[in-house]
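What follows is the residue order along each chain.
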Amino acid sequence: MQQKTLADVEASLNHTLFPQSLILDTINMCNYSCSICARRRMTRPKGKMPFALAKRLLDEISVEAPMTKVWLVFYGEPLLAAERIALLSTYARSRGIKNLHLNTNASLLDEDKAEIILNSGISQVVVSVDGFSDATYDSMRQPGFRSRVYYNLQRFLDMSHGRSDAPEIIAQIVRCEKTESEIDIFTDYWKARGATVKIKEHISWTAPSEKEWDSKNRIACPWIFTTLPVLWTGKTALCGADYDGAGSVGNIADGIKVLWNGAHRIVRDIHLQHRFEDLPAICKKCTDWNILGSDIKKP
């Protein structure tokens with residue numbers, strides 16, 4: 001990345017009264033253990049967010065900022081609790097929240113679960129595929145089942161066709177050494193079948209990167225200015241990188257807006273002031289301030 005580009009990004013950062021994106025840790029269990037996912041390093045307890053807590057958060061969003069992007073899962077596989085996810089989505093829409101997003105590995109996306117998701121009002125479903133060939137997929141996604149995932153995703157796309165309320169369906173691949181040679185064929189394959197393709201840059205907190213970055217060029221991290229994850233216990237994480245809540249600035253008990261404009265803003269100010277030595281440990285060692293976004297290819 002050129003420094004000018006990073007500087008332009010930093011110049012665009014500002015404090016908002018409410019996070020642009022809220023991540024609900026509805027379930028942090030998963031049927032996969034992938035080399036590309038930081039979840040395999042997670043030490044916090046497994047669990048599901050109480051429905052009452054999720055409703056309270058959705059209620060606040062509906063009053064304060066109903067266009068907030070709401071992710072219905074943090075580090076887990078939502079199809080392990082598809083009916084629960086659908087209930088939350090239905091409730092959110094009843095409160096005027098329509099910007100609802102889901103991320104899944106699609107290994108459990110059978111016909112019944114596909115129908116549940118299609119009827120839930122979710123606006124976007126990201127399917128983390130991360131490989132085209134069997135060998136690449138199996139190296140990125142464990143325990144594998146590439147053919148099952150491709151079949152499930154294709155059926156999901158077919159079932160969505162012709163529906164006015166269908167979500168945007170995104171086939172995602174992470175750009176890294178293992179996948180670089182397959183990105184073009186992956187893109188062409190899924191675009192031809194009606195999916196949006198998302199080429200996501202490799203990020204260090206999902207898997208270590210060998211790339212070195214000059215710390216003199218460091219900018220305030222864009223991630224922390226947009227997103228607030230809430231763990232299933234009500235504890236917050238600092239950003240999407242904070243899978244264990246190690247950098248938490250508190251519990252959500254007093255509300256999203258109070259925490260965002262209080263303890264969380266203090267950390268954002270440290271970023272803006274380039275007081276990087278005063279940052280929480282998870283920020284000090286992170287290099288993902290240099291990631292400026294993903295490449296999106298529409299069908």
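Remember, it's a predicted structure, so these values are computed and weren't measured experimentally.

K.L.:
How would you sum up the overall build of the chain? Please name residues and give values.
P.N.:
In terms of regular secondary structure, the chain is built from ten helices and eight strands. In terms of overall dimensions, the chain is globule-like: its C-alpha atoms have a radius of gyration of 19 Å, near the 19 Å expected for 299 residues. Buried positions account for 51% of the 299 residues belonging to the chain. Sequence-distant contacts in the chain: of pairs separated by 6 or more residues, those separated by 24 or more amount to 76%. Side chains of the chain carry 38 positive and 35 negative charges; the gap between the two charge centres is 4 Å.

K.L.:
Now, about the pairing of strand 7 (residues 227–230): what can you tell me, with residues and values included?
P.N.:
Every second residue of strand 7 is oriented toward a common face, with Thr227 and Pro229 on one face and Leu228 and Val230 on the other, all of them buried. Looking at chain direction, strand 1 (residues 21–24) and strand 7 are connected through four bridges and run parallel. By the bridge assignment, Ile23 is partnered in strand 7 with Pro229.

K.L.:
Tell me about the nonpolar core, and please be specific about residues and values.
P.N.:
In terms of nonpolar packing, the biggest core is built from 58 residues, with Phe186 and Trp190 touching the most fellow members. No other element matches helix 6 (residues 146–160), which puts six residues into this core. The contact partners of Trp190, leaving out residues within four places of it in the chain, are Tyr150, Leu153, Gln154, Leu157, Ala171, Ala195 and Val197.

K.L.:
Which residues make up the packing of helix 6 against helix 7 (residues 183–192), and what values do they have?
P.N.:
The interhelical angle for the contact between helix 6 and helix 7, taken along N-to-C directions, is 35°, at an axis separation of 11 Å. Residue-level contacts link Tyr150, Leu153, Gln154 and Leu157 of helix 6 to Phe186, Tyr189 and Trp190 of helix 7. Considering only residue class, the contact of helix 6 with helix 7 consists of six nonpolar, one polar and no charged.

K.L.:
Lay out the packing of aromatic side chains in plain terms, naming residues and giving numbers.
P.N.:
This model, assessed by the stated rule, comprises seven aromatic pairs. Ring centres of Phe132 and Tyr150 lie 6.2 Å apart, and the angle between their planes is 75°; this geometry places the pair in the edge-to-face category. Separated by 18 residues along the polypeptide, Phe132 in the loop between strand 4 (124–128) and helix 5 (134–140) and Tyr150 in helix 6 bring together distant segments of the chain. Of the residues examined, Phe132 reaches a relative accessible area of 17% and is grouped as buried. Assessed through its relative accessible area of 4%, Tyr150 is described here as buried. Following the ring pairs from residue to residue traces out a cluster consisting of Phe132, Tyr150, Tyr189 and Trp190. Seen from the ring of Tyr189, Arg193 lies directly overhead, with NZ or CZ sitting 3.6 Å from the centre.

K.L.:
Quick rundown of the environment of Pro66? Include the residues and the values.
P.N.:
Here Pro66 shows up in the loop between helix 2 (51–64) and strand 2 (69–71). C-alpha separation for the pair Pro66 and Glu177, spaced 111 residues apart in sequence, amounts to 39 Å. Setting aside chain neighbours within four positions, we find Pro66 in contact with Ile61, Gly96, Ile97 and Lys98.

K.L.:
Give a detailed account of the packing of helix 4 (residues 111–118) against helix 6, specifying residues and quantitative values.
P.N.:
In the contact formed by helix 4 and helix 6, the axes pass within 10 Å of each other and the chain directions differ by 45°. Judged by the inter-axis angle, helix 4 sits oblique to helix 6. For helix 4 against helix 6, the interelement crossing comes out right-handed. Residues Glu111, Ala114, Glu115, Ile117 and Leu118 of helix 4 lie in contact with helix 6, whose contacting residues are Arg155, Phe156, Met159 and Ser160. By residue class, the composition of the contact of helix 4 with helix 6 is five nonpolar, one polar and three charged.

K.L.:
Describe the sheet that holds strand 6 (residues 196–201), and please don't skip the residues or the numbers.
P.N.:
Sheet architecture is open: eight strands sit in the order 7-1-2-3-4-5-6-8, paired in mixed fashion. Among the strands making up the open sheet, the edge pair consists of strand 7 and strand 8 (295–297). In this sheet, adjacent strand axes meet at a mean angle of 25° when their direction is disregarded. Contacts from helix 2 reach strand 1, strand 2 and strand 7, with the element oriented near 170° to strand 1.

K.L.:
Mind laying out empty space enclosed by the protein, listing which residues take part and the relevant values?
P.N.:
Applying the stated criterion across every chain yields a total of one cavity of 30 Å³ or more. Quantified by volume, the largest cavity comes out at close to 130 Å³. Cys221, Cys239, Ile282, Cys283 and Cys286 are, among the 13 residues lining the largest cavity, the residues nearest its centre. A per-class count over the lining of the largest cavity returns ten nonpolar, one polar and two charged.

Reading the values: the criteria
Residues numbered from 1 in each chain as written. Predicted model: local features only at pLDDT ≥ 70, side-chain atom pairs only at ≥ 80, totals over all residues. Heavy atoms only, no water. Helix = DSSP H or I, 4+ residues; strand = E, 2+ residues; numbered from the N terminus. Rg over C-alpha atoms; globule rule 2.2 N^0.38 Å. Buried < 20%, exposed > 50% of the residue type's maximum accessible area, 1.4 Å probe, protein only. Contact = heavy atoms within 4.5 Å. Lys, Arg positive; Asp, Glu negative; His and termini not counted. Charge placed at Lys NZ, Arg CZ, Asp CG, Glu CD. Pairing = 2+ DSSP bridges. Core = buried A, V, L, I, M, F, W, Y, C linked by side-chain atoms within 4.5 Å. Axes fitted to C-alpha atoms, helices over the stretch in contact; angles between N-to-C directions. Nonpolar A, V, L, I, M, F, W, Y, C, P; charged D, E, K, R; others polar. Phe/Tyr/Trp six-rings, centres within 6.5 Å; stacked < 30°, edge-to-face > 60°. Lys NZ or Arg CZ within 6 Å of the ring centre and 35° of its normal. Parallel < 35°, antiparallel > 145°, perpendicular 65-115°, else oblique. Left-handed = near helix turned anticlockwise from the far one by under 90°. 1 Å grid on protein atoms, 1.4 Å probe; cavity = no way out; pocket = protein on both sides within 12 Å on 5 of 7 lines; lining within 4 Å. Points joined across faces, edges and corners; volume = space filled by probe spheres on them.

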